[in-house]
Amino acid sequence: MRTSRREILLLFFVMFYGALTVTCIPQTVNKQKEKTDTTMADSARNKNVKAEELAKDLKRKGIRDERVLAAIAKIPREQFVDKSMAEYAYLDRPLPIEEGQTISQPYTVAFQTELLQLKPDEKVLEIGTGSGYQAAVLCEMGAKVYSIERYEVLYLTAKETLHKLGYYPHLFFGDGYEGLPEEAPFDKILITAAPEEIPEKLKKQLRIGGWMVLPLGGRQGQKMTVVRRTGEERYNQTTHGDFIFVPMQKGTEE
Ligand code: SAH
């Protein structure tokens, strides 16, 4: 009798702990911690109205996926940019972040995320954490998020911002061209910097039936491209309009 009660308790513990760790959705524990920081909580609350306006703007511009729009309507984008940029955070514009990089334009974030057609709990690899905003959108949608950044300072800043807001994706400082072979296969891969060619190692880290969304091309401009893995060695490719991203570069920088 005693053993079975212990087993039940253990089962509850595993279920509860499991629920906390499988996704990077904001955790109640951290939300409570956040409430003590009134400045942060107040600014997030005030800005949510602006985030909702931004989501409406994106809907007018053609974004259809309600889950993408709902995520954007919740996330305080001003937390992902320098304080001096806060007043522009809810305009549909890319903004500069450290190391000469950019936080993508909200429309672009929404467009790429829509192309991912995420299902709950899917395992997604993002290349180019940058500010962490895109990772927050993926977390908010219930994905299991892995994200790689090649600048150490951006990796560290994004980690701090995401944790402050209660998002816990798996973040890595490294070269996205390598991907994360030990975590593969991924259901989806999202590249947020532009490679000139489809990174071979990343193609192989997709599950069969999964796909990768990437801006493909040189510095003059890129085609938004979806590469689907349809078999062990079979892939097909579609394009979805013109965009301009920062280049995807090899190696890392400390
Ligand atoms: N998703 C980001 C967009 C950042 S811009 C956001 O929401 O803010 C693209 C990012 O890709 C930059 O931070 C850049 O440093 C990073 N990047 C470029 N090449 C990379 C590579 N090989 N591996 C990992 N990150 C890379």
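The shown structure was predicted, so the numbers you read here are calculated from the model rather than taken from an experiment.

## Description of the overall build of the chain
Logical step 1: In terms of helices and strands, the chain carries 8 helices and 9 strands.
Logical step 2: When burial is assessed residue by residue, the chain has 41% of its 254 residues classed as buried.
Logical step 3: Expressed as a percentage of contacts within the chain between residues at least 6 apart in sequence, the contacts between residues at least 24 apart total 56%.

## Here's the deal with helix α7 (residues 152-164)
Logical step 1: Compared with the 18 Å implied by 1.5 Å per residue over 13 residues, the 18 Å span of α7 between its first and last C-alpha is a close match.
Logical step 2: Those residues of α7 not exposed but buried are Leu154, Tyr155, Thr157, Ala158, Lys159 and Leu162.
Logical step 3: Along its buried surface, α7 packs onto α6 (133-140), β4 (144-149) and β5 (170-173).
Logical step 4: Within two residues after α7, glycine 166 carries a phi angle of roughly 90 degrees, on the positive side.

## Describing the confidence of the model for the chain
Logical step 1: Here the chain shows a mean pLDDT of 87. Residues at 70 or above account for 81%.
Logical step 2: Every residue in residues 9-22 is under pLDDT 50, and counting partners more than four places away or in other chains gives 2 contacts.
Logical step 3: This model gives residues 27-46 a pLDDT under 50, and the stretch forms 12 contacts once residues within four places in sequence are excluded.

## Some remarks on helix α5 (residues 106-116)
Logical step 1: The buried fraction of α5 is high, at 9 of 11 residues.
Logical step 2: Buried residues of α5: Pro106, Thr108, Val109, Ala110, Phe111, Gln112, Thr113, Leu115 and Leu116, and no others.
Logical step 3: In the stretch just after α5, glutamine 117 is the one whose phi turns positive, near 45 degrees.

## With respect to the environment of leucine 118
Logical step 1: The residue leucine 118 is located in the loop between α5 and β3 (123-127) in this model.
Logical step 2: Judged by C-beta crowding, with 22 C-beta atoms within 10 Å, leucine 118 ranks as buried.
Logical step 3: Along the backbone, leucine 118 and glycine 142 are 24 residues apart, and their C-alpha atoms lie at a distance of 8.8 Å.
Logical step 4: Contact partners of leucine 118, with chain neighbours within four places excluded, come to Met141, Ala143 and Lys188.

## Brief notes about the environment of proline 96
Logical step 1: Relative to the helices and strands, proline 96 resides in strand β1 (residues 95-96).
Logical step 2: Classification of proline 96 as partly exposed rests on a count of 13 C-beta atoms within 10 Å.
Logical step 3: Along the primary structure proline 96 and methionine 85 are separated by 11 residues, whereas in three dimensions their C-alpha atoms are 8.5 Å apart.

## Re the sheet that holds strand β9 (residues 234-243)
Logical step 1: If you walk across this open sheet you meet the 7 strands as β5-β4-β3-β6-β7-β8-β9, and the pairing is mixed. A single partner strand is all that each edge strand has here, and the edge strands are β5 and β9. Adjacent strand axes in the sheet meet at a mean angle of 15 degrees, parallel and antiparallel pairs treated alike.
Logical step 2: Alignment of strand β6 (residues 186-191) against strand β7 (residues 206-216), held across 4 bridges, turns out to be parallel. Within the sheet, the bridge partner assigned to lysine 188 lies in β7 and is tryptophan 211.
Logical step 3: In the packing of α7 onto the sheet, contacts are made with β4 and β5, and the angle to β5 comes to roughly 160 degrees.

## Side note on unusual backbone geometry
Logical step 1: In this structure, the amide linkage connecting alanine 184 to the following residue, proline 185, adopts the cis form with an omega of 5 degrees.
Logical step 2: Along the polypeptide, proline 185 turns up in the loop between β5 and β6.
Logical step 3: Positioned with a positive phi, glutamate 99 is a non-glycine residue whose angle comes to about 60 degrees.
Logical step 4: Considering the arrangement of structural elements, one finds glutamate 99 in the loop between β1 and β2 (102-103).

## Some points on the nonpolar core
A general trend in soluble globular proteins is that nonpolar side chains are found buried together.
Logical step 1: Ile72, Val124, Ala136, Val137 and Met212 are the most contacted members of the largest nonpolar core, which totals 65 residues.
Logical step 2: Those residues in contact with isoleucine 72, other than ones at most four positions away along the chain, are Ala51, Leu54, Ala55, Leu58, Pro106, Ala110 and Val137.

## Remarks on the pairing of β7
Logical step 1: The element β7 is extensively covered by neighbouring structure, given that 8 of its 11 residues are classed as buried.
Logical step 2: With 6 bridges connecting them, β7 and strand β8 (residues 222-231) associate as antiparallel partners. If you follow leucine 214 over to β8, its bridge partner there is threonine 225.
Logical step 3: The antiparallel pairing of β7 with β8 creates a hairpin that spans 5 residues between the two strands, and glycine 217 there sits at a positive phi of about 150 degrees.

## Points about the pairing of β8
Logical step 1: When β8 meets β9, the two strands line up antiparallel, connected through 8 bridges. Across the sheet, glutamine 222 pairs through a bridge with phenylalanine 243, a residue of β9.
Logical step 2: In this antiparallel pair of consecutive strands, β8 and β9, the connection spans 2 residues.

Conventions used here
- Residues numbered from 1 in each chain as written.
- Predicted model: local features only at pLDDT ≥ 70, side-chain atom pairs only at ≥ 80, totals over all residues.
- Helix = DSSP H or I, 4+ residues; strand = E, 2+ residues; numbered from the N terminus.
- Buried ≥ 20, exposed ≤ 12 C-beta atoms within 10 Å, placed from the backbone.
- Contact = placed C-beta atoms within 7 Å.
- Expected span 1.5 Å × (residues − 1).
- pLDDT = per-residue confidence, 0-100.
- Pairing = 2+ DSSP bridges.
- Axes fitted to C-alpha atoms, helices over the stretch in contact; angles between N-to-C directions.
- Core = buried A, V, L, I, M, F, W, Y, C linked by C-beta atoms within 7 Å.

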